[in-house]
Amino acid sequence: MRRVILERFNQGDLARAYDLCLAAAARHPDDGWFKHRAVLCLVRSGALERAELDFRRFRLAEASHDEDSLALGARLRKSMALEARGDQVQTLARVAAGQYDRIFAQTGGHYPGINAATLYLLAGDRARSDALARQVLGSCRNAGPVDAEEAYYRLASQAEAHLLLGDAGAARLALQSAIACDPGNTMAHATTIRQLRMVVRLLQLEASWLRDLEPPRPCHFAGHLFHCPVGSDGIAPAREAGLALTLAETFERERIGPAYGAIAAGADILVAEAAIARGNELHLVLPVPVNVFIDASVRPLGRKWVQRCEDCLSHAAAIHEVTTDRKLLSGEHIRFASEVAMGLTRMRASALATSPVQLLVAEDAASARRFGTLHDRNVWSEAGLKQVVVPVSGLERYRVEASEGAISDPDFEQVLRAILFVDVCGSSTVADDLVPVFVKSIMHVLAQVCRQIEPAPLHANSWGDGLFLAFHGVDEAARAADRLRSAFSAIDLAALGLPDGLALRIGGHYGPVHEGEDPLRRVPTLFGGQVAIASRIERATVPGSIFVSAPFAAALAMASGGEFRCEYVGQTAIDSSMPEIGMYSVRAVAADCPAALDDAASARCD
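The text that follows walks through the structure, step by step, so that each part is easy to find. (Residues numbered from 1 in each chain as written. Predicted model: local features only at pLDDT ≥ 70, side-chain atom pairs only at ≥ 80, totals over all residues. Heavy atoms only, no water.)

Let's talk about unusual backbone geometry
Next, step 1: Each neighbour pair has its own omega, and for Glu 454 with Pro 455 the value is -5°, a cis peptide bond.
Next, step 2: Mapped onto the fold, Pro 455 is located in the loop between helix 18 (435-452) and strand 10 (459-463).
Next, step 3: Positive phi, close to 50°, is recorded for Arg 255, a residue that is not glycine.
Next, step 4: Within the fold, Arg 255 resides in the loop between helix 12 (237-253) and strand 3 (256-261).
Next, step 5: Among the residues examined, Arg 255 registers a relative accessible area of 29% and is labelled partly exposed. (Helix = DSSP H or I, 4+ residues; strand = E, 2+ residues; numbered from the N terminus. Buried < 20%, exposed > 50% of the residue type's maximum accessible area, 1.4 Å probe, protein only.)

So, the nonpolar core
Next, step 1: Counting 55 residues, the largest nonpolar core has Leu 119, Leu 122, Tyr 152, Leu 163, Leu 164, Leu 175 and Trp 209 as its most contacted members.
Next, step 2: Of all the secondary structure elements, the ones that give two or more residues to this core are helix 5 (67-82), helix 6 (89-107), helix 7 (110-122), helix 8 (126-141), helix 9 (148-164), helix 10 (168-181), helix 11 (186-203) and helix 23 (594-599).
Next, step 3: When residues in this core are grouped by element, the largest group, 8 residues, is from helix 11.
Next, step 4: Leave out the neighbours within four places in its chain, and Leu 175 touches Tyr 152, Ala 159, Thr 192, Ile 193, Leu 196, Leu 210 and Leu 213.
Next, step 5: Listed in part, the 53 residues of the second largest apolar core include Val 422, Leu 434, Val 474 and Ala 487. (Core = buried A, V, L, I, M, F, W, Y, C linked by side-chain atoms within 4.5 Å. Contact = heavy atoms within 4.5 Å.)

Topic: the sheet that holds strand 3
Next, step 1: Here 6 strands make up an open sheet; going across it, the order is 5-4-3-1-6-7 and the pairing parallel. The open sheet has two free edges, formed respectively by strand 5 (318-321) and strand 7 (386-391), since each of these has just one partner strand. Going across the sheet, the axis of each strand differs from the next one's by a mean of 20°, ignoring polarity.
Next, step 2: As paired elements, strand 3 and strand 4 (residues 282-286) share 3 bridges and run parallel to each other. Bridge assignment links Tyr 260 to a residue of strand 4, and that residue is His 283.
Next, step 3: Running over the sheet, helix 13 (residues 267-278) touches strand 1 (217-223), strand 3, strand 4 and strand 6 (357-362) and is turned about 150° from strand 1. (Pairing = 2+ DSSP bridges. Axes fitted to C-alpha atoms, helices over the stretch in contact; angles between N-to-C directions.)

Observations regarding helix 19 (residues 474-489)
Next, step 1: With 16 residues, helix 19 should reach 22 Å at 1.5 Å per residue; the first-to-last C-alpha distance of 22 Å fits that figure.
Next, step 2: Those residues of helix 19 lying buried are Val 474, Asp 475, Glu 476, Ala 477, Ala 478, Ala 480, Ala 481, Asp 482, Leu 484, Arg 485, Ala 487 and Phe 488. (Expected span 1.5 Å × (residues − 1).)

Now the structure itself:
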């Protein structure tokens, strides 16, 4: 059973891993591993309140196994401190620091030691922070040989200790050595850099030296399709070679890493080829399935472009088809795909603790269109993010024949909607005589929240223990989801005599749906595969969490201005008849919490 749980956990299927842990813990109540892993699933998914409840219910504070088991409670408190409002941070940080400090005294491990040192600094106790930093340096120097990953973490702890003591030069050397030990572990590098940024901010140190140590920055790319004279395939060789050289220089100068965009003929393919030539990850985000996209945006410009497109597709790290539409290529589709590509770029930059850049191959002209390269330029610019424009002129552009709102039936309108499915899991355990209490104390509370939401949901429905809500934008949906989650968390289940296993699950999805009349209720409602995906996401959500699809998370990254954190929790099977999808945990954070302040502070000066 442990092997199966670890497989689910490592693959990001946290909901299934959590359920398996609870089932195993019920069969083996004396085995603390299952309880520990269950709480770890909750912490990883952002369900911190639920994690705190289970931590106490399972009496894990009494655990005395290995260092990881001992550190679970401290890790939970640290997460809470980093997401707390400014006036609560020091109190919570001191509690977490004390827990890590006690573990360090028991084990002498550099991990709890350096966490205790930094959290004491966050709590305002500089003297204790300095003392622990010196102890961590001593324990690291006296440790024996280790593998590459452990060598990285040991050197990263030394870098953090040096920085806590105000020695930025020694910190830089230690971090450079750490990265050299494990150069491919960019997520670990990002975690370290984010932690060092917090120390720099708290001590008001100079931070520019971190710039060169950030991982390569993710890039969103877009550009015009080039229309060629009759009988030719491609643009003039000399002109294309010049553009390719400029793109290569831009990749080098901006330290561009993963690249996200489409693969239309012309500029898109040139950028994709530049990324492939450097060995960069290429993530292709298409508004429709590959064959539909090629027929609309590549094949009309010539056979050679199709060959080059297919070569780029074969080298792509991932291909995201954001709809399953087999015929339509509307402006709504194109705008949606661009929104997702830009958001994925921004989220990847946040995960890597760096800042994103947009690379455009475009003319310098205004556009009133609601989709396309110039529209993407405006969206990115309004977000205040770095842009690099490679200007082109004198080329005859080719326009994709895409309508602003294609429909296949006059009784249905294709629209973009953010959809929430909400469910009280565990409701089947409510005794029959308590059903009225459940409805009045829980469902009525959730319904009241829905009535107070501004702007109101475009569509709202309920059944038994569940809710269905739809909104214009993902930011509106995310705020509604957070209000529902908070309202449920405030309910005292024990005082009502209700099972303590009740928990709210919220799943969200964003995409094009068909809006039409419900044949039974005779009111407007939503239809289509995207609605089904949203309902399946809710079923795969960890209790107490808000899980959303990649399109929802990506759009939220561009829309919310840092109001929410979206953390990747892995590829998850949401239905046996559907492919696995990437899932994200969504959590509202205060603008002045440490996590928000340090996530926003790339050392790059854009």
